[in-house]
Amino acid sequence: MSATVQNQIPDKPALEGLEAKWDGVWAEQGTYLFDRLRAAELGRDGVYSIDTPPPTASGSLHIGHVFSYTHTDVKARYERMRGKSVFYPIGWDDNGLPTERRVQNFYGVRVDPTLPYDAEFTPPFEGNAKSLKAADQQPISRRNFIELCERLTVEDEKQFEDVFRQLGLSVDWTQTYRTISDETIRQSQLGFIRNHERGEAYQALAPTLWDVDFRSAIAQAELEDRDQQASFHRIAFHKTDGSGDIHIETTRPELLAACVALVAHPDDERYQPYFGQTVRTPLFDVEVPVLAHHLAQQDKGSGIAMVCTFGDVTDMIWWRELDLPIRTILGLDGRVIAEAPEAITSDAGTAAYAELAGKTVFSAKKRVVELLEESGELLEVSKPFNHAVKFFEKGDRPLEIVSTRQWYIRNGARDQELRDQLIAHGKQLQWHPDFMRVRYENWVGGLTGDWLVSRQRFFGVPLPVWYGLDENGERDYDRVLMASPEQLPIDPTSDVPSGYTEAQRGAAGGFEAETDILDTWATSSLTPQLAGGWQRDEELWNLVAPFDVRPQAQDIIRTWLFSTMLRSTLEDGRSPWKHASISGFIVDPDRKKMSKSKGNVVTPADILEKHGSDAVRYWAASSRLGVDAAFDPQNPTQMKIGRRLAIKVLNAAKFVLSFPVPEGAQVTHALDASMLTALDEVVRESTKAFDAFDHARALEITESFFWAFCDDYLELVKERAYDQTDIGQPSAALALRIALSTLLRLLAPVVSFATEEVWSWFEEGSIHTAAWPKPLGADGDPAVLAAASAALIGIRRAKTEAKASQKTPVSRAVIVAPAETLEAVRAAADDLRAVGRIAELEFAVGDELAVTEIELAPVEVN
């Protein structure tokens, strides 16, 4: 061993402390920085760009983040070693409802937009206000609230970065963006303005899914169904001609005052005589038509439905397609509004409505049922049953449907040409695994409305819009005052449109600011543009776009992947990436998806500390893309295996490096050439797997060879490698050193810290910027290593069966094998004698390879 190498190898190599050591070195040396000059020299084909998911900086990372982000990092490290200039940025998704909720629970505050800014404000709590009721939260100004959001997200981001650095993500930390920074706001607002200029962004008054707790509109992609208990209430509607009643069954009697029609299926003979006629509503005595529509279900309830504005999504369809009026009774707070619909004119109807005004949906339902019972118009209440109800995915109460004015971006729901474009771009995209494409296509094909992008919240990208006011000071929605690109970034609540002064804010003939913000997905849908310098750094944009890969989880194909594809299609007429790599979920031992709502989430910090980052990376990389992985924190088997592998890398490398390689050494021995030939095939197959986004297969191939290398080949040649008088020593030592270098590089994308540590013992620079190994073209016979390994196993087994130590000398041993195999074994005869301590080794032809005889040397007694 050379002095240089020996001085750099610890006496007892260990995994502990490697994460902090190498993270510091990588940062100091700029190992993972994107080299613009080199990228420019290589051109677009020499760059590998990654549209990395920006994690939501509102809470804590979970084991699923570690799982999926490791998949991306393994691929990034591989491409870097393949000679690509890797553009691997990361962003933080700061804005949105989750951040606002976290801030409310952390500081014990809520927004009151009417309050003035308090420059001296100090929050009443710091991290312990989650149990506080909403009514007890301290109201503060919008600006004060946004400042708290900024403060907390910055702290969360620091913690996230610490975990990602410990995990060993090879991102370029100088290419970091925030979805709420000034530059991000500028680009997001610019993208919206360009959508508006092309007619893709528009405003409309329409039924909107509404979360009464968040006081915000919710988009189709943010919905989820949850089972809720309900009962059918059978209610009598009175025929206008006085000839009797029509009975309907509804789960929402509280919306009776909002009823605008009854609807039955056109083929339903029971109601065909009444189509075109009218009935009067119970309690409120409002005349409504009986109409036909194919969505009415003949076998549900009484077969005829009450249409209210609005009880569910089907009501929205009936309202639109049957051209029905709107009778609004629910406010944005989820309570019955004070003013009754104009259609309620009778004294009895007005009185009944007055008893509901101001009540919550729950209380209103209870009172309507009581009134119907008193009037005799409630005929029956069914037994409770469970049915699916729409929720905001982060909400706690069922969504209501209210009529609001919102901003939308066209998404193909009502534009077949755009829909076809989106499907075509999805087909051009290379999906890993391929079956995930179907989820995208199903989502595009199932869209029912354009993308609602406005939100009635506070911490986000402001819509760059003002409205002109008429001579009465009323908002004129036909006079949308859009900001110019030169003004960006802007906040219309504090900035003024071109041609106006602050004195004209709110004044007749002046202007009024749009207070809504853009949905967080409307900004996240631009992550390639935000990271890649679109409309900011055109040289960079041309080097990285379209990006090579979008890595992400499967559950946000309908949101993040689709919305990004949409924005790129609208802006550039192309897909934003060449590949999409989709990770599976982490499930608990019962195969249930891990989520905060289920209470089975495992945070990564303790796992990383306990098992080490290489072990955790190994666990993640062992799973193929798109496949769910079970994780049991009480028995993390894969992590234990990964840790054992990382430790073996350190110890095996120290052993290999103890054998000196003489100047001018060449591989001359059949066994050494055989090993290197087998290793060439590992390199070929591992490279092929990585190119196909199959990191798990690449790891499996390499790891299998590594253990065979350590257990068999290293044992077979160690005596020869030690003995500098042996003519075969240079061949063994050189083959070992070549194999070590190759295996370290093959394992480096996964076992990143241990391989970097070992590389530093005998090579210059970082292993992660070293060249990916290529087949050496060794001309050995792979059968030699295979036969010698099998013979070694037989010798070991024979000694074990004789209850002797493996170090026990053997006087004589006989190996039998088919003639062809026997020739391969003979090529390694000297190494087998040495490792088995065999004095006389004989060979004979037989049906299969086996050690048939073994005579232990007599034990010398002093």
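Placed above this text is the structure.
Here is what the cut-offs are and how they apply
- All chains use their own residue numbering, which begins from 1 and follows the written sequence.
- Owing to the predicted nature of the model, reporting of local features is limited to residues with pLDDT of at least 70; listing and counting of side-chain atom pairs is limited to 80 or more, with chain, interface and lining totals taken over all residues.
- Think of the side-chain values as coming from all heavy atoms in the structure, minus any hydrogens and water.
- Two strands are counted as paired when DSSP detects at least two bridges linking them.
- Only runs of H or I of at least four residues qualify as helices and only runs of E of at least two qualify as strands under DSSP, and these elements are numbered from the N terminus.
- Helix axes are fitted to C-alpha atoms over the stretch in contact, other axes to C-alpha atoms as well, and angles between N-to-C directions run from 0 to 180 degrees.
- Here a pair means two rings of Phe, Tyr or Trp (six-membered ring of Trp) with centres within 6.5 Å. Their orientation is stacked below 30 degrees between planes, edge-to-face above 60, and tilted elsewhere.
- Note on exposure labels: buried denotes an accessible area under 20% of the residue type's maximum, exposed denotes more than 50%, and partly exposed covers the range between, all computed with a 1.4 Å probe on protein chains only.
- Criterion for a charge above a ring: Lys NZ or Arg CZ within 6 Å of the ring centre, and within 35 degrees of the ring normal.
- For this document, the term salt bridge refers to a Lys or Arg side-chain nitrogen within 4 Å of an Asp or Glu carboxyl oxygen.
- By arc we mean the arc of the directions from the helix axis to the C-beta atoms, nothing more.
- For the purposes of these results, a polar contact is taken to be a pair of N or O atoms within 3.5 Å, where, inside protein, one atom must be able to donate a hydrogen and its partner to accept one; residues adjacent in sequence count only when each atom of the pair is a side-chain atom.
- The scheme is simple: roughly parallel for angles under 35 degrees, roughly antiparallel for over 145, roughly perpendicular for 65 to 115, oblique for anything else.
- Handedness of a helix crossing follows the sense of rotation of the near helix relative to the far helix, less than a right angle counterclockwise being left-handed and clockwise being right-handed.
- Any pair of residues with heavy atoms lying within 4.5 Å of one another is described as a contacting pair.
- Each residue receives one of three labels: charged for Asp, Glu, Lys and Arg, nonpolar for Ala, Val, Leu, Ile, Met, Phe, Trp, Tyr, Cys and Pro, and polar for the others, Gly being one of them.
- A 1.4 Å probe that fits but cannot get out identifies a cavity on a 1 Å grid over protein atoms alone, an open set with protein on both sides within 12 Å along at least five of seven lines counts as a pocket, and a residue lines either if it has an atom within 4 Å of a point.
- Grid points are joined across faces, edges and corners, and a volume is the space filled by probe spheres set on the points.

**Here we look at the sheet that holds strand 24 (residues 511-513)**
Pairing in this open sheet of three strands is antiparallel, and the strands run 23-22-24 from one edge to the other. Taken across any chain shown, the strands that pair with only one partner, and hence form the sheet edges, are strand 23 (475-482) and strand 24. Adjacent strand axes in the sheet meet at a mean angle of 40° when their direction is disregarded. Sheet analysis places strand 22 (residues 465-469) next to strand 23, joined by five bridges and oriented antiparallel.

**What about the packing of aromatic side chains?**
Counting across every chain of the model gives 30 aromatic pairs. Ring centres of F145 and F458 lie 6.3 Å apart, and the angle between their planes is 75°; this geometry places the pair in the edge-to-face category. In this pair, F145 sits in helix 6 (residues 142-167) while F458 sits in the loop between strand 21 (454-455) and strand 22, placing the two residues 313 residues apart along the sequence. By relative accessible area, which is 0% here, F145 ends up buried. By relative accessible area, which is 13% here, F458 ends up buried. The positively charged end of K75 is found above the aromatic ring belonging to F693, 4.2 Å away from the centroid. Note that R405 overlies the ring of Y477, its terminal NZ or CZ placed 3.8 Å from the centroid.

**Remarks on the pattern of salt bridges**
Applying the stated criterion across every chain yields a total of 57 salt bridges. Two residues, R194 and E571, come together in a salt bridge whose shortest N-O distance is 2.6 Å. With a gap of 377 residues between them, R194 in helix 7 (residues 182-197) and E571 in helix 16 (residues 557-572) connect regions that are remote in the sequence. Judged by its relative accessible area of 24%, R194 is partly exposed. As a salt-bridge pair, R684 and E681 come within 3.2 Å of each other at their nearest N and O atoms. Taken together, the positions of R684 and E681, both in helix 20 (residues 670-691) and three residues apart, correspond to about one turn of that helix. Among the charged side chains, a network of salt bridges with common partners joins D94, E150, E157 and R178.

**Overview of helix 12 (residues 437-445)**
The set of residues buried in helix 12 consists of R437, Y440, W443 and V444. Axial view of helix 12: buried residues confined to an arc of 130°, hence all on one face. Opposite the packed face of helix 12, turned more than 90 degrees from it, sit the exposed residues N442 and G445.

**Notes on the sheet that holds strand 19 (residues 430-432)**
As summarised here, the arrangement of the three strands in space is 19-27-26, forming an open sheet in which the pairing is parallel. Only two strands of the sheet have a single neighbouring strand rather than two, namely strand 19 and strand 26 (547-553). Across the sheet, the axes of successive neighbouring strands diverge by a mean angle of 20°, strand direction being ignored. By the bridge criterion, six bridges tie strand 26 to strand 27 (residues 577-583) in an arrangement that is parallel. The residue of strand 27 that forms the bridge with F547 is W577.

**Thoughts on the side chain of S760**
Here S760 lies in helix 23 (residues 752-762). When its relative accessible area of 19% is taken as the criterion, S760 is described as buried. Within the structure, S760 has its side chain in polar contact with the backbone oxygen of E757 (distance 2.6 Å).

**Some remarks on the packing of helix 19 (residues 637-656) against helix 21 (residues 695-722)**
For the pair helix 19 and helix 21, the least separation of the axes is 12 Å and the interaxial angle reads 25°. When the axes of helix 19 and helix 21 are compared, the pair comes out roughly parallel. For the pair helix 19 and helix 21, the crossing hand works out as left-handed. Across from I641, R644, L645, K648, V649, A652, F655 and V656 in helix 19, the residues of helix 21 making contact are E703, F706, W707, F709, C710, L714, K718 and Y722. Here the residues of the contact of helix 19 with helix 21 sort into twelve nonpolar, no polar and four charged.

**A short note on the pairing of strand 18 (residues 400-409)**
Across the ten residues of strand 18, eight count as buried, placing the element largely inside the fold. Summarising the sheet, strand 7 (residues 201-211) and strand 18 pair through ten bridges and their orientation is antiparallel. Residue pairing for strand 18: T208 is matched across the bridge by V402. By the bridge criterion, two bridges tie strand 18 to strand 20 (residues 451-452) in an arrangement that is antiparallel. Counterpart to Y408 in the pairing with strand 20 is L452.

**A look at the environment of W407**
Among the structural elements, W407 can be located in strand 18. Sequence separation between W407 and E197 is 210 residues; the distance between their C-alpha atoms is 14 Å. Polar contacts involving the side chain of W407 include one to the side chain of E514, which spans 3.4 Å.

**Brief notes about the packing of helix 6 against helix 17 (residues 604-611)**
Running from N to C, helix 6 and helix 17 cross one another at 30°; their axes reach a closest spacing of 11 Å. Considering the angle they form, helix 6 stands roughly parallel to helix 17. Seen from above, helix 6 lies across helix 17 with left-handed handedness. Contact with helix 6, carried on its side by V163, Q166 and L167, involves P604, L608 and E609 of helix 17 and no other residues of that element. By residue class, the composition of the contact of helix 6 with helix 17 is four nonpolar, one polar and one charged.

**Considering empty space enclosed by the protein**
Enumeration according to the criterion identifies seven cavities of 30 Å³ or more in this entry. Put simply, the largest cavity is a space of about 140 Å³. Lining the largest cavity are 17 residues, and of these A219, A221, W443, W451 and R558 sit closest to its centre. Contributing elements (two or more residues each) for the lining of the largest cavity: strand 20 and helix 16. With four residues, the single largest contributor to the lining of the largest cavity is helix 16. Of the residues assigned to the lining of the largest cavity, the class counts are eight nonpolar, five polar and four charged.

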